[in-house]
Each structure stands twice: as structure tokens, then as C-alpha cells.
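# Notes for the structure review
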Amino acid sequence: MIIAERKPMEEIKQMIAPYNKLLLAGCGTCVTVCWAGGEKEVGILASQLRLARSAEGKEISILEATVERQCEKEMAAELKDKVGEVEAVLSLACGAGVQTMAELFEEKPIFPALNTAFIGMPEKEGLWVEMCGACGDCFLDRTGGICPMVRCAKGLLNGPCGGTRRGGKCEIDPEKDCAWVLIYRRLEKQGRLDLMRKYYPPKNFRAVKSPGRIQAVKA
Amino acid sequence: MRGEIVAFCCERSAYPAADLAGKGKLCYPDNLRVIRIPCAGRVDAIHILKAFEKGAAAVLVLGCEDGACHHITGNIRARERVRYCDMLLKEVGLDGGRVGMFNVAPNETHKFVRIVNEMNEKIKESGETK
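Residues numbered from 1 in each chain as written. Chains lettered and ligands numbered in written order. Predicted model: local features only at pLDDT ≥ 70, side-chain atom pairs only at ≥ 80, totals over all residues.

### What to know about the overall build of chain A
When helices and strands are counted, chain A shows eight helices and seven strands. Against the compact-globule benchmark of 17 Å for 219 residues, chain A has a radius of gyration of 22 Å, which places it well outside the compact range. In terms of its C-alpha atoms, chain A occupies a principal-axis envelope of roughly 65 × 45 × 25 Å. Relative to its full complement of 219 residues, chain A shows a buried share of 30%. (Helix = DSSP H or I, 4+ residues; strand = E, 2+ residues; numbered from the N terminus. Rg over C-alpha atoms; globule rule 2.2 N^0.38 Å. Buried ≥ 20, exposed ≤ 12 C-beta atoms within 10 Å, placed from the backbone.)

### Structural notes on the overall build of chain B
Each helix and strand counted, chain B has four helices and four strands in total. Along chain B, from the amino end to the carboxyl end, the secondary structure elements read β-α-β-α-β-α-β-α. On C-alpha atoms alone, chain B measures out to a radius of gyration of 14 Å, which is about the 14 Å that the 2.2 N^0.38 rule sets for 130 residues. By its C-alpha atoms, chain B is 35 × 30 × 20 Å across when sized along the principal axes. The buried share among the 130 residues of chain B stands at 46%. Of all intrachain contacts in chain B linking residues separated by at least 6 positions in sequence, the fraction that spans at least 24 positions is 78%. (Contact = placed C-beta atoms within 7 Å.)

### Some words on the domain arrangement of chain A
How big an interface is tends to be stated in terms of accessible area lost as the parts join. Each assigned domain of chain A is listed here: domain 1 (2–118) and domain 2 (133–206). On a C-alpha basis, the centres of domain 1 of chain A and domain 2 of chain A stand 38 Å from each other. (Domains from an automatic or database assignment.)

### With respect to unusual backbone geometry
The bulk of non-glycine residues show a negative phi, and the bulk of peptide bonds are trans. The backbone of Ala134(A) shows a phi angle near 50°, a positive value even though the residue is not glycine. With respect to the helices and strands, Ala134(A) occurs in the loop between strand S7 (127–132) and helix H7 (148–151). Look at Ile72(B): it is not a glycine, yet its phi comes out positive at around 70°. Residue placement: Ile72(B) occurs in the loop between strand S3 (58–63) and helix H3 (74–91).

### Some remarks on the environment of Tyr184(A)
Here Tyr184(A) is to be found in helix H8 (residues 179–190). Once the C-alpha coordinates of Tyr184(A) and Thr143(A) are considered, the two residues, 41 residues apart in sequence, prove to be 8.2 Å apart.

### Section: the pairing of strand S1 (residues 5–10) of chain B
Residues and elements named next belong to chain B. Of all six residues in S1, six are buried, a share of seventy percent or more. Here six bridges tie S1 to strand S2 (residues 32–37), and the two strands are oriented parallel to one another. Note on S2: the bridge partner recorded for Phe 8 is Ile 35. When S1 meets S3, the two strands line up parallel, connected through five bridges. Residue pairing for S3: Ile 5 is matched across the bridge by Ala 58. (Pairing = 2+ DSSP bridges.)

### What about the sheet that holds strand S3 (residues 61–67) of chain A?
All names here are of chain A. The strand order across the open sheet built from four strands is S3-S2-S4-S5, with neighbouring strands paired in parallel fashion. Of all strands in the sheet, those with a lone pairing partner are S3 and strand S5 (110–112), marking the two edges. The mean angle between the axes of side-by-side strands here comes to 25°, regardless of whether they run parallel or antiparallel. Examined bridge by bridge, strand S4 (residues 88–92) and S5 share three bridges and lie parallel to one another. (Axes fitted to C-alpha atoms, helices over the stretch in contact; angles between N-to-C directions.)

### Notes on the sheet that holds strand S4 (residues 99–103) of chain B
Residue and element names in this part refer to chain B. With respect to topology, four strands assemble into an open sheet ordered S2-S1-S3-S4, the strand pairing being parallel. Bordering the open sheet on either side are S2 and S4, each of which pairs with just one other strand. Between one strand and the next, the sheet's axes are offset by a mean angle of 20°, whatever the strand orientation. Bridge count for S3 against S4 is five bridges, and the pairing is parallel. Considered in S4, the bridge of Gly 63 is made with Asn 103. Helix-sheet contacts for helix H1 (residues 14–23) involve S1, S2 and S3, and the interaxial angle to S1 is about 115°. The sheet strands contacting helix H4 (residues 109–125) are S1, S2, S3 and S4, and the helix crosses S1 at an angle near 155°.

Right, here's the structure in full:
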């Protein structure tokens, strides 16, 4: 899923400074799961902004709404009436959600309240780690389902760098496991260590479509 | 609610302590507003923030002593949430220390009164009382 985190409060306050009537729009999918932009976070941020304005002796009117997925026009369109009532929208969705809102409601300024960080998974409660770099040319069949492009600090494709620490930790960040040690152990379990002896040429980054566009073929 | 201290009191510990304090004719500030809750773990960040939005000068979350929570970890969760709320309040420029989590056993009436009085003194110093 897409992992995001809330922007610093000062940045948010500066963005919305000229406006007194706002909609805080949350998203019920990825950013809800990573505690950044769901219904609960919308409520907390709205309350914080009201308190901040009140401390400055100013007033602010905030509407709160969360849709299932802000990155789908049909779902984001549910906010049409509320967007009509406000001067600006503060979106607590990922970059895709913010842009969907901006495209749907062109006449209103849409501000991002989150920084979209990466595609990842939860490692433990409250900790998410990057798992996929969306490179467009998946390599996981050769590495036992562990991506060295994002999980190796140096993004190496042909084995560890030589700086691996004792206990299989990364040279750059001793808190992290060396991705290639993990790959070796995984392939060993599967009896596929022969893959470690193969040489892979540099990755074809032309597979990264920018801007990405995929047309699904219906079965 | 302007200038009040809102105390979320667990019905198994701090609420009986508050009750006993009354029965024992112990004095505590009249700007205290006690809210009975089933467990300190029921208190969420939004409840604390809403109390401040409505004009509360301070918020107390009072739960069972460590290891005595009827819901096992409610008091531990409450402590984490209060710490989180303190950070949220500092972010918007509200002085820290106006929200606190304390453990109170059902018979600790004097402790309950002391906690409330100390918080009242703190908000008086900052000029937040009504």
C-alpha cells in the first residue's frame, strides 16, 4: 500500500492561512491504514487547526469528510456538495488523491496535508517499511521475493557489497538487515542457491513509464 | 467549559476515588468536571482535543494502577495517547503539561485530590482559570 505521513504543522498552517472555510478530506484506503489520512486523522487535524486559529484569536470553519478512495473520481465526486460550501480543500490523501480532487474541482484550491513517501508494508504496529520502488521491471522471481532495489541501501543486483556487518546487518544502517543476506537465506530454504551464481546486467530503467499509464486488457 | 479541568475517570479506579473523596468531605477545586468512562483506554486523542476546543484549561486522564487494569492494557494505552496529545497540543502552540495521565487506585482519595489540586495550581499560574 501507499505510505504517507502528515506534513509539519507549520507548513499546513501557512498553506491554509488565507482561508477561513475549509474542507478536510480524508481517504479511507492506504492512508487510513498507515494512520496518516483516515477519518480519525481528519478529526485530529481539524481539531488542531481550530485550536491553532483560536489561539491566534481568529475563527475558522472546518468541514470534515472521508471517502473510500480519493484517487477514484466517482468516489471523490461524493464530496461535491461540501467542496461547494468551502473556500479551499485540505486533502489528507496520497499525491494521486490530491490530484484527482484538483482535477475534479478545478475552481477550488486543493492543498496536500500529507507527504506521500513510498509503497510499503507494516513491519509492526506503527512502523511501515518500503518494499517496492515501482520500477516497472519486477525482479522478485530471482531474489526469493525480496527486492534488492529498495531493501539494499545501495540497490545492488548481484550480491552483497562486501560491507555486510556481523549478524547480517547493513553497512550503512546497522538497524536494517542486509537485503542480500536475506535473499541468500530465502533461496537456501528453497534450494535455489544456483540463482546467486547468475549475473544480472544493469537494470533496464526504461521500463519505468513516466508518466505511468497502463491500459488493462479485459478478459 | 472555560477554565475547567476535565478529568476522564476510569469507573473502576479514579471514579470511586473521586466519589470517596466527596464522601470523606475532602475539598477539591470546583472547576473540576469529572467524566466517568469504562476504562482509561477508552479515551482517544480526539476526546482530549475536543475538551480543549470547548475551552477546558487542562485535561486529566485517570486510570488504574499499573498491572491493575480490568481491560489488561487500557491504562498503558491511555498513557501513550496522552503523550501523543501533549505533542499534538505543542504543535499548535499550546503549552505542554496541560494534559496528564495518572494512575489512581479506588481507595486513593488523597492522591486524587492532590493530582487535581496540583493541576489547578498549574493552570492558575498560567492564567487559564475562569
